[in-house]
Amino acid sequence: MTSYDIIIIGGGHNGLVAACYLAKAGLKTLVLERRGIVGGAAVTEEIHPGFRCSTLAHSTAPFFSQIAKDLDLARHGFEIITPAVRVLAFAREGRSICIYNETSRTIAEIEKVSAKDAKSYLEFERSFSRIGKVLAPLLAMTPPSIEKPAVGELWNLGKLGRSFRGLGKKDAYRLLRWGPMAVADLVAEWFETELLRATFAARGIFGAFAGPWSAGTSTGLLCQAAMDGHAVSPSAFVRGGMGALSDALSKTALKAGVELRTGIEVDRIEATGEKASKVILTTGEEISARAIVSNADPRTTFLKLVDPVDLDPNFLMKIRNFRAIGVSAKINLALSGLPSFTGVDGSDGNEASSKLLGRIHIGPEIDYLERAFDAAKYGDYSPAPYMDITIPSLADPAVAPTGAHVMSVYVQYAPYTLKNGHWNSRREEFADTVVNTLSDYAPNLKELIVARQVVTPLDLEETYGLSGGHIHHGEQSLDQFFTFRPILGWAQYRTPIKGLYLCGAGTHPGGGVTGRPGANAAREIIKDFKASRI
Ligand SMILES: Cc1cc2nc3c(=O)[nH]c(=O)nc-3n(C[C@H](O)[C@H](O)[C@H](O)COP(=O)(O)OP(=O)(O)OC[C@H]3O[C@@H](n4cnc5c(N)ncnc54)[C@H](O)[C@@H]3O)c2cc1C
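Owing to the predicted nature of the structure, the values given are computational and were not obtained by experimental measurement.

A word on the overall build of the protein chain
- A count of helical and extended segments in the protein chain gives 18 helices and 18 strands.
- Here the C-alpha atoms of the protein chain give a radius of gyration of 23 Å, agreeing with the 24 Å that 2.2 N^0.38 yields for 534 residues.
- The principal-axis extent of the C-alpha atoms belonging to the protein chain is close to 70 × 55 × 50 Å.
- In the form shown here, the protein chain has an accessible surface area of approximately 20700 Å², with 53% of it arising from carbon and sulfur atoms.

As C-alpha cells, then:
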C-alpha cells in the first residue's frame, strides 16, 4: 500500500491550487478526481464537434493574481482576457447600457439614460473601490478562531480595524449599514434607472437561493466586490476557456511532483484513533496518508464520505443544516454565426461585436429578478429567467470553427428540487424557455443554433459532484460567511477529525474561480506539518 503525506479528494481548481502549494512545500501529494478530467466547475469541454465551451463557470471571479504569480501559471499557458466591457445590460424594449472598466466611458453611457444616475455612478464606483480595498485582505486571511484567537489572528484583525478606520466616516458607515440590507434597497439609494439597479444588484444574487429583495443580499455584493473593488462582476475570461486554467494548474502540480489520478472516486474517508488515516476508493483500493484534504463540498465530505460515528452529533446536525440548495443551470450553445441583439447591431458592425465581448446581462428590472426568484421559491424554474451570458469565441476565436460562435448562458433560477416532474423529463422544455426568452433580445438566435448542451442542477450534482447542485458548495449568506463558513468553530480549514481538512468553495472566502480557498487551506496544512501537529 503506497503512502503519501497528503491525499486531496477532488481535482477542482481549489484542490489543484492546494496541491501545488503543498508539493512545493515538499509534501508528497496525491490528487484523486472522480471525473475523467480535472477542474471541477472550471473546465472546458467540447459541446459539439469543433465547439469548445467553459461548461460551467465562464469568467474568473477574478483568479488571484498573486496565486498565478506564485505558481508561474503563465509558463503553462494561462492567459486572462479582459475586454474593455464588463457587462452589456439589456432593457426589454431593446435599449441597452454598457458598463466598461473605464469609468468615463461608463458615465458617458449612463448619461444617455439619466444625468442623475451618471452623476451618482462616480461616487458609487469609488465607494465600492475604497470599501473593496478594505475588505480584500479578509479574503486571503484564515478566519480567526472565535474562542481562542491566536496572537497572529488578533494582529490581522487589528490591521483590518485600522484600515476600516482609514475608510473615513462616510464609507465606514456605508459598509456597516449595507451588509444586512436587501441589495434592491442598496441600489435604489443610488440609481433611478431600473436597468442599472438590476444590473448592479445581480452580483449580490449570483448563485444564491435569494432574490434582490431578500435581506442580506448586499453582503453577497460586498464580498464579491472585495475580489476586485467593483459592483459589477468582471469579464475576466481564460484563453481556451476555464479548462485552460485547470490545465495550467495540473501541469504546475505535476512539475512540483504531485501525482494526479483521474476517473477515481473516493468512497470513504477512514479515521483510526480519531485521526484521518486513509481513503477507500469505490474500487475497494485503500490509500493512506498523513493528512486528507477534501475539495468536495462540506455536505459531501461529512454526510457521504465520513462515517457518522466519527463525528460529534452536534457537528453533524450543523452540517445537515448547512444550506446548499442550488438555483442555477447552464445552457451552452454552438452557433453558426453571431446573433444580432436588438439595438446593438446598429450601423457599425464592429461596435456591435465589441460591446458583446464582455458579459451580457438579461434581467431588466429588480421586479423581473424577484419574480424569477419567486418561481424557484415555489419549486419551479423561472418562466423569464435572469441570465448571465458570454460569447467567448469573440475574443478567443479558436474555441469555435471559423465564423461560428459559442454562447455560454448561465441561468438563474432553476431550483434543484422541482415541485412537478423531474429535471430529466423537463430538461428540454426548460431549455426552450431559456432560448425563447433570449430570442426576445436576439431575434435571430434560434436559426443559428447548431447544437445545445443543457446542464440542470441535478446534472451539477450527479456529473460534477456539487451537493444540491449549489455552484458555491453552499449559500454565501451572512450565516455561512467568514468565521461561519462552513460552520462556526470550523472555519480554519481544519475539521473535528484530526488530519482531515477542507479546501474547496465551502470554506472561506467561498465560491468563484479565485483559487483562494485552496491557497488558504494549504497555508494552514503546511503550518500543521511544520509544527508536527500531524
Ligand atoms: C453553472 C456554474 C456557473 C458558474 N459560474 C461562475 C462564474 O462565471 N465565475 C466564477 O467565478 N464562478 C462561477 N461558478 C462557481 C465556481 O465555478 C465554483 O465556485 C468553483 O469552481 C469551485 O471550485 P472548487 O475547486 O472549490 O470545487 P469544484 O470545482 O466543485 O471541485 C470539486 C472536485 O471534487 C471532485 N469530487 C467530489 N467528490 C469526489 C470524490 N468522492 N472522489 C473524487 N473526487 C471528488 C469533483 O468531481 C470536483 O472535480 C460557477 C459554478 C457553476 C456550477
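Having seen the model, we can carry on.
So, the pairing of strand β16 (residues 405-412)
- For β16, a buried count of 8 out of 8 residues is recorded, marking the element as mostly surrounded by other parts of the structure.
- Along β16, one buried face is formed by His 405, Met 407, Val 409 and Val 411 and the opposite face, lined by Val 406, Ser 408, Tyr 410 and Gln 412, is buried too.
- As paired strands, strand β13 (residues 328-335) and β16 are joined by 8 bridges and run antiparallel to one another. Along β16, the bridge assignment pairs Ala 329 with Val 411.
- Pairing between strand β15 (residues 386-390) and β16: 5 bridges, direction antiparallel. What sits directly across from Thr 390, in β16, is Ser 408.

As for unusual backbone geometry
- A cis amide bond links Gln 412 to the next residue, Tyr 413, at an omega of 20°.
- Of note, Tyr 413 is situated in the loop between β16 and α15 (423-439).
- Each neighbour pair has its own omega, and for Arg 485 with Pro 486 the value is -5°, a cis peptide bond.
- On the secondary structure map, Pro 486 appears in the loop between α17 (457-462) and β18 (500-502).
- The residue Asp 72 is not glycine, and still its phi comes out positive at about 50°.
- Within the element layout of this structure, Asp 72 appears in the loop between α2 (65-70) and β5 (80-81).

Side note on the packing of helix α4 (residues 115-139) against helix α6 (residues 169-178)
- Relative orientation of the contacting elements α4 and α6 amounts to 80°, with a least axis distance of 10 Å. The orientation of α4 relative to α6 falls into the category roughly perpendicular. Mapping the contact onto sequence places Glu 123, Ser 127, Phe 128, Arg 130, Ile 131 and Leu 135 in α4 and Asp 171, Arg 174, Leu 175 and Trp 178 in α6.
- Residues of the contact of α4 with α6, tallied by class, amount to 5 nonpolar, 1 polar and 4 charged.

Let's talk about the packing of helix α11 (residues 298-305) against helix α12 (residues 313-320)
- It is the contact of α11 with α12, at a shortest axis distance of 10 Å, that shows an interaxial angle of 135°. Here α11 is positioned oblique relative to α12, judged by the angle of their axes. As α11 packs across α12, the resulting crossing turns out to be left-handed. In contact with Pro 298, Arg 299, Phe 302 and Leu 303 of α11, α12 contributes Phe 315, Leu 316, Ile 319 and Arg 320.

Section: the site of the ligand
- Near the ligand, the surroundings consist of 37 residues, among which Asn 14, Glu 33, Ala 41, Ser 59 and Val 513 are the closest.
- Contacts to the ligand include Glu 33, whose side-chain N or O atom sits 2.6 Å from an oxygen atom.
- A distance of 2.8 Å is found between an oxygen atom of the ligand and a side-chain nitrogen or oxygen belonging to His 473.
- At the level of elements, α1 (13-24) and β2 (29-33) are the ones that each hand at least two residues to the shell around the ligand.

Some remarks on a nonpolar patch on the surface
- Residues Ile 146, Phe 484 and Leu 488 make up a contiguous nonpolar surface patch of roughly 270 Å² in combined accessible area.
- Here Phe 484 is to be found in the loop between α17 and β18.
- Take Phe 484: its relative accessible area is 34%, and that puts it in the partly exposed class.

A closer look at the pattern of salt bridges
- Tallied over the full model, the rule gives 36 salt bridges.
- What you see here is one network of salt bridges that share partners, running through Arg 494, Arg 523, Glu 524, Lys 527, Asp 528 and Arg 533.

So, the sheet that holds strand β17 (residues 449-455)
- Pairing within the open sheet is mixed, and its 7 strands lie in the order β7-β6-β14-β15-β16-β13-β17. The open sheet has two edge strands, β7 (96-100) and β17, and neither has a second partner. Across the sheet, the mean angle separating the axes of adjacent strands is 20° when strand polarity is ignored.
- The pairing of strand β6 (residues 85-90) with strand β14 (residues 359-362) spans 4 bridges and is parallel. The residue bridging Val 87 from the neighbouring strand is Arg 359, located in β14.
- Most of the contacts of α15 go to β17, to which it runs at about 120°, and overall it touches β13, β14, β15, β16 and β17.

Structural notes on helix α9 (residues 217-228)
- Burial analysis of α9 places 10 of its 12 residues in the buried class, the great majority of the element.
- Listing the buried residues of α9 in full gives Thr 217, Ser 218, Thr 219, Gly 220, Leu 221, Leu 222, Gln 224, Ala 225, Ala 226 and Met 227.
- Those residues of α9 hidden inside the fold are in contact with α4, α6, α7 (183-188) and α8 (194-205).
- Phi turns positive one or two residues past the end of α9, at Gly 229, with a value near 65°.

Reading the values: the criteria
- Residue positions are given per chain, counting from 1 as you read along its sequence in written order.
- Per-residue local features of the predicted model are confined to residues with pLDDT of at least 70, and side-chain atom pairs are confined, for both listing and counting, to 80 or more; whole-chain, interface and lining totals are unaffected and use all residues.
- Think of the side-chain values as coming from all heavy atoms in the structure, minus any hydrogens and water.
- What counts as a helix is a DSSP run of H or I of at least four residues, what counts as a strand is a run of E of at least two, and both are numbered from the N terminus.
- In this setup the radius of gyration rests on C-alpha atoms only. A globule is expected at 2.2 Å times the number of residues raised to 0.38.
- Each accessible area is a Shrake-Rupley result for a 1.4 Å probe, and residues are judged covered by the shown protein chains and nothing else.
- With a 1.4 Å probe rolled over the protein chains alone, any residue whose accessible area is under 20% of its type maximum counts as buried; one over 50% counts as exposed, and the rest are partly exposed.
- Two strands pair if DSSP finds at least two bridges between them.
- In this description, a line fitted to the C-alpha atoms serves as the axis of each element, helices being fitted only across the stretch in contact, and the angle between N-to-C directions of two axes falls anywhere from 0 to 180 degrees.
- Any angle from 65 to 115 degrees is called roughly perpendicular, while one under 35 is roughly parallel, one over 145 is roughly antiparallel, and all others are oblique.
- Throughout, a contact is declared for two residues whenever any of their heavy atoms are within 4.5 Å.
- Residues are sorted three ways: Asp, Glu, Lys and Arg are charged, Ala, Val, Leu, Ile, Met, Phe, Trp, Tyr, Cys and Pro are nonpolar, and all the rest, Gly among them, are polar.
- Each crossing gets its handedness from the near helix: less than a right angle anticlockwise from the far helix is left-handed, clockwise is right-handed.
- We define proximity as follows: a residue is near a molecule or strand when any one of its heavy atoms falls within 4 Å of that partner.
- Between N or O atoms, a polar contact is any pair within 3.5 Å; within protein, one atom must be a potential hydrogen donor and the other a potential acceptor, and residues adjacent in sequence are included only when both atoms are from side chains.
- Without a salt bridge and with relative accessible area above 30%, a residue can belong to a patch; like charges are then joined within 9 Å and nonpolar side chains (Val, Leu, Ile, Met, Phe, Trp, Tyr) within 5 Å.
- What counts as a salt bridge is simple: a side-chain nitrogen of Lys or Arg found within 4 Å of a carboxyl oxygen of Asp or Glu.

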